[in-house]
Amino acid sequence: MTQHIVRCATPADEQDIECFLAHHAPTSMFLRSNLAAHGLDGSTADTATKMIICIAEEQLIAVFGISNSGFLLAQNPHLVTPPAQLRQAWSGRQVLGMTGVAAQVTSVLETLGLQHRPLTLDRDEPLYHMDLGQLAGPFVDLRAPRSTDHEMLCSWFTDYARDTGLLHDDVDAQADAKKRAARAIEQAKLRIKELDGVPVAMTDFNAQVADIVQVGGVFVPRNLRKNGYGRQVVAAHLAQARGRGANGAILFAANRAAARAYEAIGFRHIGAYRVALFEGDVSIPLAS
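These notes cover the structure that comes with them. (Residues numbered from 1 in each chain as written. Predicted model: local features only at pLDDT ≥ 70, side-chain atom pairs only at ≥ 80, totals over all residues. Heavy atoms only, no water.)

All chains considered together, the criterion is met by 12 salt bridges. A salt bridge links Arg143 to Asp149, with the nearest nitrogen and oxygen atoms 2.8 Å apart. For Arg143, a relative accessible area of 12% gives the class buried. Judged by relative accessible area, Asp149 falls into the buried class, the value being 5%. For Glu194, the salt bridge goes to Arg146, with nearest N and O atoms at 3.9 Å. (Salt bridge = Lys/Arg side-chain N within 4 Å of Asp/Glu carboxyl O. Buried < 20%, exposed > 50% of the residue type's maximum accessible area, 1.4 Å probe, protein only.)

Strand order in the open sheet formed by 11 strands is β1-β2-β3-β4-β5-β11-β6-β10-β9-β8-β7, and the pairing between neighbours is mixed. Here the strands that pair on one side only, and so sit at the sheet edges, are β1 (4-8) and β7 (191-195). Taking each pair of neighbouring strands and ignoring which way they run, the sheet shows an average axis angle of 25°. Where β1 meets strand β2 (residues 49-56), 5 bridges bridge the pair, whose relative direction is antiparallel. (Pairing = 2+ DSSP bridges. Helix = DSSP H or I, 4+ residues; strand = E, 2+ residues; numbered from the N terminus. Axes fitted to C-alpha atoms, helices over the stretch in contact; angles between N-to-C directions.)

Turning next to the pairing of strand β10 (residues 248-252). The buried count for β10 comes to 5 of 5 residues, which makes it a mostly enclosed element. Residues of β10 alternate between two faces, with Gly248, Ile250 and Phe252 on one and Ala249 and Leu251 on the opposite face, all of them buried. By the bridge criterion, 5 bridges tie strand β6 (residues 119-131) to β10 in an arrangement that is antiparallel. Within the sheet, the bridge partner assigned to Leu127 lies in β10 and is Phe252. Sheet topology places strand β9 (residues 212-219) next to β10; 3 bridges connect them, and they run parallel. Counted as the bridge partner of Ile212 is Gly248 from β10. Each parallel crossover has a hand, and for β9 linked through helix α7 (residues 229-243) to β10 it is right-handed. (Right-handed = clockwise from strand over helix to strand, strands pointing away.)

Let's shift gears to the environment of Asp41. Mapped onto the elements of the fold, Asp41 is located in the loop between α2 (29-38) and β2. For Asp41, a relative accessible area of 59% puts it in the exposed group. For the pair formed by Asp41 and Pro11, sequence separation is 30 residues and the distance between their alpha carbons is 5.9 Å.

A word on the packing of aromatic side chains. Using the criterion set out here, one finds 3 aromatic pairs in the structure. The interplanar angle of 10° and the centroid separation of 4.5 Å between the aromatic rings of Phe252 and Tyr273 together place this pair among those described as stacked. In this pair, Phe252 is assigned in strand β10 and Tyr273 in strand β11 (residues 268-283), connecting sequence segments 21 residues apart. Neither residue differs from the other here; Phe252 and Tyr273 are each classed as buried. (Phe/Tyr/Trp six-rings, centres within 6.5 Å; stacked < 30°, edge-to-face > 60°.)

Before going further, it helps to examine the side chain of Ser107. Along the chain, the position of Ser107 falls in helix α4 (residues 102-111). A polar atom in the side chain of Ser107 sits 2.9 Å from the backbone oxygen of Gln104. (Polar contact = N/O pair within 3.5 Å; in protein donor to acceptor, adjacent residues only side chain to side chain.)

Attention now moves to α4. Burial in α4 covers these residues: Gln104, Val105, Ser107, Val108, Leu109 and Thr111. On its buried side, α4 packs onto β3 (59-67), β4 (71-75), α3 (85-90), β5 (94-100) and β11. Positive phi appears at Gly113, one or two residues downstream of α4, with a value of about 75°. (Contact = heavy atoms within 4.5 Å.)

Moving on: the nonpolar core. Membership of the largest hydrophobic core comes to 28 residues, with the highest contact counts inside it found for Leu238, Tyr262, Ile265 and Phe267. Residue assignment for this core shows that the elements contributing at least two residues are β6, β8 (198-209), β9, α7, β10 and α8 (256-265). A total of 8 residues in this core trace back to one element, the largest contributor, which is α7. Discounting residues that sit within four places of it in the chain, Leu238 has contacts with Leu132, Leu135, Phe205, Val213, Val215, Ala249 and Phe267. Within the second largest apolar cluster, 23 residues are counted, among which are Ile17, Leu35, Leu40 and Ile55. (Core = buried A, V, L, I, M, F, W, Y, C linked by side-chain atoms within 4.5 Å.)

Structure, rendered in structure tokens:
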């Protein structure tokens, strides 16, 4: 029987972890982007992630992570039984939820003793990939957000949270929307499409590593849907990313209408990605 070495990852492991995750790029974007942005040296940023690695025969075979904000992540392609060290290392930590390949999410939640905790959201979203070399124009013009967009973005992000089911409480949704609107204006990465000077759609990347981007935050106001604006804004944003060196993109489709729009651009369905969000305050039980 192969013996597994399990330990907390250190900054010296960063290159090996990135190499391993890059071989599983479509389902490793959050782990990779968090690692690229913050490393493993103890950053206090919300998305900075502590990682535990599993090694067999001197090869990295699994990575398990928990972000400072409380999101669990994993890349465990061989479905190695998650080590008990996860619960020992993270017991008492508050958690918001977990995303990842469905079977991997299930095994981690069972190891941490969280498999029966109530969830406000639990679904497998279709996972799509696109080779950006296949992206064809013409492309619409996009602009960065401005300070004068703050009120509009607050409204859009609130409706986005409702549409996606990420937040069910309106007070929480509105508070989160204010933070996201301020961050979007400050970072200026989100892109907006206008029609006759009026904003009609937005899109963003919620992860970008090396030569691949992950599309997120696509939104069209309800009264403007079914006009192709979502498809147009995503295609144009991807064209900009391709101009900066990206050659691939992934995304999760929240519903069939969105999936059809993405398929029209050139995305193809490659699997599923589970999103599980806990109800209320949840902490990892203490290790016995």
